[in-house]
Amino acid sequence: MNPSHGKTRRPGGWGFAGRPSAPRRVSAPALLLLAGVLAGFAAPPAARAATPPPDPDLSTENTRLLGPFHLRPFLALKDAGYDDNVRFDAQKRASDTTATLGAGLEALLLAGARGGLRLSQELDYVGFARNEDLNHWNGFARARGVYLARRLDLSLEDQYASVRERPGSEIDQRLRRTDNTITAALRTVGSGRLGVRAALRRQAIDYSAGDPLSDLAAQRLNRNEDRLSVAGELKVRPKTILVLEGTVANVTFDDPSEGRDAHERSILPGLRFDPSASIQGEIRIGRTSLRAPDRPGSDYSGTIGDGRLSARLGQRARLKALFARELVFSILADNLYYVGTSWSAAYEQFFSRRLSGEIGYGRGLNHYPVAVLIGGLPGIRDDRLTTRQISVRYRVNPEMSISANAYHLTRDSTDDALDRARNAYMIGTNYNF
């Protein structure tokens, strides 16, 4: 299932504390973050490892050494520009200029050849010139400990995010969502042909209250998801790995009166390609079975999958493709979920080692299996999404990059009242100290 957005977990929950929904709530993390950024700026660059580590989170690349810590502070200006429909409304289109300013710090503490601990924190402020009620803070935090034991990579990770944005393509208002995810994982490391990886994950998803739509989202979407996945890997060619992954999940919603609890089982065979191959990425297509004991009519059995592939076209071009088919929990009372299918393709041209341009096109369909009222009559709701995008990227140096994007989105629904269109023209930059 694809998670929806939510609020800070009630007292007694686990994970990082605090919610950066207002400046006064993020003042302490902001001071700590600022101190870390300044310390990282003053520290000398760390020596880069000659060979990549067995776990990506143990890499010291682009970090600066300060005492026992390898630090990577950064600043980011995201999505600064013009949006002609900031509230994503069909009747009262409100245009505005907006910008997101973020600062973050990553810290790595190594424990010799046995592993290490990686910590990260980021705070973003999203501002609007005229629609000041949309101004808000977003916060992200992550902690992951890695232990290397012979051929095993063991890890324990906690991820926290508090974001006020549109929760996917179904809800058009910006709602505050909090995600807290704890994952215990293991995988085999080495040069053999066979490999195994497994993960046990608990994800808590909450919406904040404050207005009728937020309260409705909290009632129907607040939940815990417990998920166990086990995958076997077989290297069938030097740069091609065959993957077979099985997953079982138990989803428990906070409000039992809604009768939305569900159990899910899926099996996904797929292929993963090495980053050095002419085709890179991974694709998985399989079957899933969802059972809702209190909603027998909502059971589902069908195809799901996802893929992210890219291929080099000569020395100066790249073709990219994305695909996803998944079940997404819905806010609608009669539909436990909708079936979301999407694909996109993009062509990137490199004009030099630093400058590139990209054009992209995508289509999507959100299908609601249970009839809803459309214009006073029952009918099946289908939302068709179309995206078009043009991007230009320039890498100033290894520490700084600049991008400019033009984006167009339309939603054509069988319910004409839900038709929407949006154009956005944004620039962004990222700087690593």
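Owing to the predicted nature of the structure, the values given are computational and were not obtained by experimental measurement.

### So, a nonpolar patch on the surface
On the surface, Val196, Leu200, Leu228, Val230 and Val248 cluster together into a nonpolar patch covering about 400 Å² of accessible area. Of all the elements in the fold, those that place two or more residues in the nonpolar patch are strand E8 (194-207) and strand E9 (223-237). Its place among the elements puts valine 248 in strand E10 (residues 240-253).

### A short note on the nonpolar core
Formed by 18 residues in total, the largest nonpolar core has its most connected members in Tyr207, Leu221, Leu290 and Tyr337. Looking at this core, the elements with two or more residues in it are helix H2 (212-221), E10, strand E14 (317-329) and strand E15 (337-350). Val86, Ala94, Val126 and Phe128 belong to the second largest nonpolar core, which has five residues in total.

### Overview of the pairing of strand E21 (residues 420-432)
Direction of pairing for strand E2 (residues 69-83) relative to E21: antiparallel, over a ladder of eight bridges. Note on E21: the bridge partner recorded for leucine 75 is tyrosine 431. Two strands pair when backbone bridges link them, and strand E20 (residues 400-413) and E21 are joined in this way by 12 bridges, in the antiparallel orientation. Bridge pairing in E21 places threonine 410 opposite alanine 421.

### What about unusual backbone geometry?
Working note: non-glycine residues mostly have negative phi, and peptide bonds are mostly trans. Even without a glycine there, the phi angle at asparagine 62 is positive, about 60 degrees. Within the fold, asparagine 62 resides in the loop between helix H1 (27-42) and strand E1 (64-66).

### Some points on the environment of threonine 341
Following the sequence through the fold, threonine 341 ends up in strand E15. For threonine 341, a relative accessible area of 25% puts it in the partly exposed group. Distance in space between the C-alpha atoms of threonine 341 and leucine 327 is 9.0 Å, their sequence separation being 14 residues. Setting aside residues no more than four positions away along its own chain, threonine 341 makes contact with Phe323, Ala324, Arg325, Arg363, Gly364 and Leu365.

### Focus on the pairing of E20
By the bridge criterion, 14 bridges tie strand E19 (residues 382-397) to E20 in an arrangement that is antiparallel. Bridged to glutamine 389 within E20 is tyrosine 407. Hairpin connection between E19 and E20: a loop of two residues separates the two successive antiparallel strands. Where E20 hands over to E21, the hairpin turn is made up of six residues, counted between the paired strands.

### Considerations on the pattern of salt bridges
Taken as a whole and assessed by the stated rule, the structure comprises 32 salt bridges. Here arginine 260 ties to glutamate 258 by a salt bridge, and the two come within 3.9 Å at their closest N and O atoms. When the shortest N-O distance is used, the salt bridge between arginine 284 and aspartate 306 registers 2.7 Å. A residue pair is termed long-range when its members are at least 10 positions apart, and arginine 284 in strand E12 (residues 279-291) and aspartate 306 in strand E13 (residues 300-313) qualify at 22 residues.

### Concerning the confidence of the model for the protein
For the protein, per-residue confidence averages 89 on the pLDDT scale, and 88% of positions sit at 70 or higher. This stretch, residues 34-38, has a pLDDT under 50; its non-local contacts, to residues over four places away or in other chains, come to seven contacts.

### As for the environment of serine 301
Residue position: serine 301 is located in strand E13. A sequence separation of 36 residues divides serine 301 from arginine 265, and the C-alpha atoms of the two residues are 9.6 Å apart. Apart from residues no more than four positions distant in its own chain, serine 301 is found in contact with Arg287, Thr288 and Ser289.

### A word on H2
Every buried residue of H2 is accounted for by Ser214, Ala217, Ala218, Arg220 and Leu221. Capping the start of H2, aspartate 211 holds a side-chain oxygen 3.1 Å from the backbone nitrogen of leucine 213, two or three residues further along.

### Quick notes on the packing of aromatic side chains
For the structure on display, the rule yields six aromatic pairs. Summarising the aromatic geometry, the rings of phenylalanine 253 and phenylalanine 329 are spaced 5.1 Å apart at their centres and angled 90 degrees between planes, so their arrangement reads as edge-to-face. With phenylalanine 253 in strand E10 and phenylalanine 329 in strand E14, this pair connects stretches of sequence that are 76 residues apart. Take phenylalanine 253 and phenylalanine 329: they sit in the same class, and that class is buried.

Rules behind the numbers
- Residues numbered from 1 in each chain as written.
- Predicted model: local features only at pLDDT ≥ 70, side-chain atom pairs only at ≥ 80, totals over all residues.
- Heavy atoms only, no water.
- Patch = residues over 30% accessible without salt bridge, like charges linked within 9 Å, V, L, I, M, F, W, Y side chains within 5 Å.
- Areas by Shrake-Rupley, 256 points an atom, 1.4 Å probe, with all protein chains shown as cover.
- Salt bridge = Lys/Arg side-chain N within 4 Å of Asp/Glu carboxyl O.
- Helix = DSSP H or I, 4+ residues; strand = E, 2+ residues; numbered from the N terminus.
- Core = buried A, V, L, I, M, F, W, Y, C linked by side-chain atoms within 4.5 Å.
- Buried < 20%, exposed > 50% of the residue type's maximum accessible area, 1.4 Å probe, protein only.
- Pairing = 2+ DSSP bridges.
- Contact = heavy atoms within 4.5 Å.
- pLDDT = per-residue confidence, 0-100.
- Polar contact = N/O pair within 3.5 Å; in protein donor to acceptor, adjacent residues only side chain to side chain.
- Phe/Tyr/Trp six-rings, centres within 6.5 Å; stacked < 30°, edge-to-face > 60°.

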